[in-house]
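Close look at the chain arrangement
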Amino acid sequence: RNREQGIYVMNCVHCEFNGGFLSDNQKGIEIRRSDGITLQDFVIQGQTELFKNYVTDNNSHKLCGHSGWTYEGIHMMGTLWRYGHLDPGFGIRVKNVVLSGFDKEKEYYDNCPSTEPIGFSTDTHYGGHFDYKTSFENVTVDDGRDIILDGCRAASYGYPDIAFNDIDGSLDPDKSASNGVLVTDQPYMTGLFGDKCKSTAGCMSYCAEICLGMVTFFTERFGTENYKLKVTDTASGLSIDIPGNVRTYNERWNTYAYDGGAERTFAASLPAGQYTAEFVDEFGNTVWPMYAEEQWAQAPDCNGGVSIGDITVIKPAMDAATECVDMVRNGDSATRSDVTPWIHTKWYGEIVNELKPGEGIDGGNAIAMDRTYHWTGIAQNLNSMCTDAREGEWYEFSAWMKMTDANGNPSTNIDPNREWWRNQAPILTINDRQYRDTSTKQHLYNAEHRNLAALTRPYNNDEWGHVHGIFKMPTSPRLWFELERAPDNVKFLLDSASLTPLTCNRDGLVRNGNLETNDSAYWDIWGGGDVVLDFLPGAGPNGGNALKTSSRVHHSWTQSQALNIDCVNAGDRIAFSAKIKTSADCLIYSWDYNQRCNDIFFHTDKDNVREYTRVGYITADTPDEGGWHHVHGIHIHSENGEKPDLAKLYFADANPNWDVYTADVKAYVLEQNCLALVENPDMEEKDLYWTYTDRDRSKVKVITPGAGGSGHALRLYDRDHSWRGLRQVLDPRCFVPGEEFTINAKFRLTDALLAGVACVGTECPIVKLYGRKCPNGDVTEKFSNVLDMPWDSEGWNNYEATFAVSDEIAACGSVELWIHEVNPSWNIEIDDVQINANA
């Protein structure tokens, strides 16, 4: 007997209260922010006449000293306070409890707005509706008004869907049920149970022989105001339309991405059975509320209740090709009249996202976000039907942003070259919600995919910055993106945001390879550290644009690009090409880490199987004008690299103290052509597709004229062994057992002074097929010239050989054309090389 609370429970979990007597308290037991409470073997009594007379006679403080105070035996929670792994699995269990004396408010204290055996706290949390799993067993409520609780008052607190499981029927006003439920007296709570339900006092209803389980669907708040969740019992054909619930505090809360702020909940309390559930609008049309995140309560204490697998969710028909073209809503300032449905991750303050008329990039209406901490940002939910349909497909994000200080001046502390976790520039983060246990769907956790888009270069503090990136679309019950990680106290101004499909182009796997967008869009950095990436207008070959990386700490840390190669099949040949140079002269034909030149590398990651392949080399000994080297090569795509989780191109190997410049970067599929196997056979594209057999044992020069008196040819020189020569990667799919091909080529041999020399027999050049990745090891097949004519030391000499494809070479995963086995003191000059199918 404590006048205010007999027992006050605050912030408790798994607390048991076993046995006691509570009397003459404003609240017999008050439970706040507590879960997993057990209350058993109690007598809870309201105001006694004896104590009322004592208070009155002594002019002491009476109960309900304030007109807003309620007078209750059990003052309980209506919503769980702990979710996820902290959830104990139930709210309260009440067993062997007698409540009486709460029906005399008019007789004793007419100042009390309500006196009830059971009442609710206004403390609400994530759910925004009643989800405090409650069961009663052997509970007696002695009330002359037949009131157990006031459901109408509870609804005003945000609990319009109360469901108490009555294990033994002790709450049944007729005392005839063996078990049942006490629920809010609304059709959406009772409509499936027919004559099993009867209305009781206090806006409640008792439904006999029913046990309820609960599932809650969390959805987008915006645009769903008139939606209902239509649940149909497939056995009876009966349906109920469940309204959505939201909690409304202030503008900041209503647009908060976490804790149910910007969400609407639809909760279904159902017995065991088979059901369909679909969202419908005010006209009865099937709709989708952007996402529907299922959260299941643990099994009820009674025998039965709906469970996972009992409900089939019906979704509207959707054409992903047209409806998922741009997943950002209200992204364009030209049509923007408000900030809906943009949300945020700022847990403090009042208004967060505001419309800024006329301040958009093209004079339209921008969205401003007030920020204090770097981890907060502006966000938006994505349509889960689109993310489900497009899971694993590439998407391109683009947005324009201005960063300002508190006074609206351009922020001077933005640095896009710092690593993202240093929080110096905005990045795109994708947040997805994943079930810890998909078999129970009881709670979820947030997974973050960071740095999926970042500021392009050049970036100027007083201008709009372009946030851009590409990534593979994940999916989950709920997915939202967020622009975050700029420094503390930097304010955002956002405009022209889009998220659109990025199709794979076999003819152009590299995007913005010649920097035609006049920025570094699609490009980023391979490796860690604060590598500086600069866009250099007009600094590339022939006055084009270039990229530069500096402040490199590792030889592999250079400019890089993620590639969409989902249209590239295992066995396809990918050609890579780029122009490259360094701030100091590199040695083309060296493996020395401190002096060698950059190569092109290709990385794939599929199911955590990672491949790193050197796919492009500098072949020619002399750079183009401006010191630009041509780096190129052919790569046969592997099975492990087919539709990978990630594919990236980067340029590695240069001394980390050097700056690296790149331009004119290309990657494309060489379509299968089994009639003519050699690419660039006449060297009209100089050394493209050709390279040396050994990097540091020979050199290659592009010479002119070629064999026809014009064009180009290639010269192999400075060879230290007859083995050194020239090679090209062929298409191994063309090598079918028994197929016949003819090899043609033109050769010339010169000495160190470039004087012509003559060869005889085995001294003359041969062509070899070199098979790799073969079942029984490497395979080599060599072919001598079948043309019986004297060697012309001063001119070009024709070569020809015919062969049938052997079973051994046909089984190889890679086949290369090699030209070598010539006296190492001679230079080999090569032109017009082709392998033609005889058919």
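Residues numbered from 1 in each chain as written. Predicted model: local features only at pLDDT ≥ 70, side-chain atom pairs only at ≥ 80, totals over all residues. Heavy atoms only, no water.

**Thoughts on the overall build of the chain**
Within the chain, the regular secondary structure consists of eight helices and 50 strands. By the compact-globule yardstick of 28 Å for 839 residues, the chain is too spread out, its C-alpha radius of gyration being 38 Å. Relative to its full complement of 839 residues, the chain shows a buried share of 57%. Total accessible area on the chain stands at roughly 33300 Å², and carbon and sulfur atoms take up 45% of it. Once the 73 positive and 121 negative side-chain charges of the chain are each reduced to a mean point, those two points are 4 Å apart. (Helix = DSSP H or I, 4+ residues; strand = E, 2+ residues; numbered from the N terminus. Rg over C-alpha atoms; globule rule 2.2 N^0.38 Å. Buried < 20%, exposed > 50% of the residue type's maximum accessible area, 1.4 Å probe, protein only. Areas by Shrake-Rupley, 256 points an atom, 1.4 Å probe, with all protein chains shown as cover. Lys, Arg positive; Asp, Glu negative; His and termini not counted. Charge placed at Lys NZ, Arg CZ, Asp CG, Glu CD.)

**Comments concerning a nonpolar patch on the surface**
A contiguous nonpolar surface patch, about 240 Å² in accessible area, is contributed by Phe 21, Val 43 and Val 98. Residue placement: Phe 21 occurs in strand S2 (residues 16–23). The exposed category is assigned to Phe 21, whose relative accessible area is 52%. (Patch = residues over 30% accessible without salt bridge, like charges linked within 9 Å, V, L, I, M, F, W, Y side chains within 5 Å. Salt bridge = Lys/Arg side-chain N within 4 Å of Asp/Glu carboxyl O.)

**Concerning the pairing of strand S46 (residues 766–772)**
Buried residues dominate S46, accounting for six of its seven residues. Note that S46 and strand S49 (residues 814–820) share seven bridges and pair antiparallel. Its bridge partner being in S49, Ile 766 is matched across the sheet by His 820. Bridge count for S46 against strand S47 (residues 779–783) is five bridges, and the pairing is antiparallel. Counterpart to Leu 769 in the pairing with S47 is Glu 781. Joining the antiparallel neighbours S46 and S47 is a turn of six residues, in which Lys 773 adopts a positive phi near 55°. (Pairing = 2+ DSSP bridges.)

**Focus on the pairing of strand S7 (residues 115–120)**
Consecutive side chains along a regular strand alternate between the two faces of the sheet. Judged by how many residues are buried, S7 sits mostly within the fold: six of six residues are covered. Across five bridges, strand S5 (residues 71–76) lies against S7 in parallel orientation. Within the sheet, the bridge partner assigned to Ile 74 lies in S7 and is Ile 118.

**A look at the packing of aromatic side chains**
All told, the structure shown has 28 aromatic pairs when counted by the stated rule. Residues Tyr 589 and Tyr 692 carry aromatic rings whose centres are separated by 5.9 Å and whose planes lie at 75° to one another, so their mutual orientation is edge-to-face. A residue pair is termed long-range when its members are at least 10 positions apart, and Tyr 589 in the loop between strand S35 (573–582) and strand S36 (599–606) and Tyr 692 in strand S41 (residues 691–692) qualify at 103 residues. Neither residue differs from the other here; Tyr 589 and Tyr 692 are each classed as buried. Following the ring pairs from residue to residue traces out a cluster consisting of Phe 120, Phe 130, Phe 136, Tyr 159 and Phe 164. One cation-aromatic arrangement involves Arg 93 over Phe 90; the distance from NZ or CZ to the ring centre is 3.8 Å. (Phe/Tyr/Trp six-rings, centres within 6.5 Å; stacked < 30°, edge-to-face > 60°. Lys NZ or Arg CZ within 6 Å of the ring centre and 35° of its normal.)

**Considerations on the sheet that holds strand S43 (residues 713–717)**
A sheet is described by the order of its strands in space; here five strands give the open sequence S42-S43-S50-S45-S48, paired in antiparallel fashion. Looking at the sheet topology across the chains shown, the edges are occupied by strand S42 (699–703) and strand S48 (797–804). Along the sheet, successive strands turn relative to each other by an average axial angle of 30°, direction set aside. By the bridge criterion, three bridges tie S43 to strand S50 (residues 827–837) in an arrangement that is antiparallel. In the sheet register, Leu 716 faces S50, and the bridge partner there is Ile 828. (Axes fitted to C-alpha atoms, helices over the stretch in contact; angles between N-to-C directions.)

**Description of the environment of Arg 3**
Within the fold, Arg 3 resides in the segment before strand S1 (5–10). Along the primary structure Arg 3 and Met 385 are separated by 382 residues, whereas in three dimensions their C-alpha atoms are 55 Å apart. Sequence-distant contacts of Arg 3, that is, excluding residues within four places in its chain, are made with Asp 24, Asn 25, Gln 26, His 61, Lys 62 and Leu 63. (Contact = heavy atoms within 4.5 Å.)

**Observations regarding helix H1 (residues 49–57)**
Buried residues of H1: Phe 51, Lys 52 and Val 55, and no others. Seen from one end, H1 has its buried residues packed into an arc of 105°, which puts them on one side. Among the exposed residues of H1, those pointing more than 90 degrees away from its buried face are Leu 50, Tyr 54 and Asp 57. Two residues or fewer after H1 comes Asn 59, characterised by a positive phi angle close to 50°. (Arc of directions from axis to C-beta.)

**Digging into the nonpolar core**
Counting 81 residues, the largest nonpolar core has Leu 649, Leu 730, Phe 735, Leu 769, Phe 803, Ile 830 and Ile 835 as the members making the most contacts within it. If we skip the residues at most four places from it in the chain, Leu 769 touches Leu 730, Phe 735, Val 779, Thr 780, Glu 781, Phe 783, Phe 803, Ile 809, Val 815, Glu 816 and Ile 835. Formed by 47 residues, the second largest nonpolar core is a distinct cluster that contains Leu 63, Cys 64, Tyr 109 and Ile 118. (Core = buried A, V, L, I, M, F, W, Y, C linked by side-chain atoms within 4.5 Å.)

**Some thoughts on the pattern of salt bridges**
Going through the model one piece at a time under the given rule, you end up with 48 salt bridges. Asp 566 serves as the salt-bridge partner of Lys 472, at 3.3 Å between the closest nitrogen and oxygen. Highlighted residues: Lys 472 in strand S28 (residues 465–472) and Asp 566 in the loop between strand S34 (559–562) and S35, separated in sequence by 94 residues. Judged on exposure class, the residue Lys 472 and its partner Asp 566 are both buried. Among the salt bridges present, the one from Glu 816 reaches Arg 727, with a minimum N-O distance of 3.2 Å. Here the residue Glu 816 occupies a position in strand S49, and Arg 727 occupies one in strand S44 (residues 726–730), the gap between them amounting to 89 residues. Across this residue pair, the class does not change: Glu 816 and Arg 727 are buried. The network of salt bridges with common partners includes Arg 506, Asp 572, Glu 671, Asp 731 and Arg 733.

**Points about the environment of Asp 123**
Relative to the helices and strands, Asp 123 resides in the loop between S7 and strand S8 (134–142). A residue is classified by how much of its surface remains accessible, and Asp 123, at 10% relative accessible area, is buried. A C-alpha to C-alpha distance of 7.1 Å links Asp 123 and Met 77, two positions 46 residues apart in sequence. Excluding anything up to four places from it in sequence, Asp 123 contacts Arg 32, Arg 33, Met 77, Thr 79, Trp 81 and Tyr 159.

**Section: the sheet that holds strand S4 (residues 37–45)**
Spatially, the eight strands line up as an open sheet ordered S2-S4-S6-S8-S9-S10-S12-S11, and their pairing is mixed. The outermost strands of the open sheet, each flanked by one partner alone, are S2 and strand S11 (197–200). Each strand of the sheet is rotated relative to its neighbour by a mean of 25°, with strand direction disregarded. In this sheet, strand S9 (residues 163–166) lies alongside S8 in parallel orientation, the contact comprising three bridges. Bridge pairing in S9 places Phe 136 opposite Asp 166.

**As for the side chain of Gln 380**
Secondary-structure assignment places Gln 380 in strand S24 (residues 378–381). At 2.6 Å, the side chain of Gln 380 and the backbone nitrogen of Arg 329 are in polar contact. In this structure, Gln 380 is in contact with Met 327, Val 328, Arg 329, Pro 341, Trp 342, Ile 343, Leu 479, Trp 480 and Phe 481, ignoring residues within four places of it in sequence. (Polar contact = N/O pair within 3.5 Å; in protein donor to acceptor, adjacent residues only side chain to side chain.)

**Some details on the state of the cysteines**
Within the structure shown, the criterion is met by nine disulfides. In this model Cys 674 forms its disulfide with Cys 734; the gap between the sulfur atoms is 2.0 Å. Around the S-S axis, the bridge from Cys 674 to Cys 734 shows a dihedral of about -80° and counts as left-handed. Taken together, the positions of Cys 674 in the loop between strand S40 (660–670) and S41 and Cys 734 in the loop between S44 and strand S45 (740–750) put the pair 60 residues apart, joining distant regions of the chain. On the basis of relative accessible area, Cys 674 is assigned to the partly exposed category, the value being 25%. Using a relative accessible area of 3% as the deciding quantity, one classes Cys 734 as buried. Paired by a disulfide, Cys 774 and Cys 812 hold their sulfur atoms 2.0 Å apart. Measuring the twist about the S-S bond at about 105°, one finds the Cys 774-Cys 812 disulfide to be right-handed. Here Cys 774 is found in the loop between S46 and S47, whereas its partner Cys 812 is found in the loop between helix H8 (807–810) and S49, with 38 residues between them in sequence. This pair shows no difference in class: Cys 774 is buried, exactly as Cys 812 is. Left unpaired, Cys 12 is separated from the closest cysteine sulfur, that of Cys 15, by 3.4 Å. (Disulfide = S-S within 2.5 Å.)

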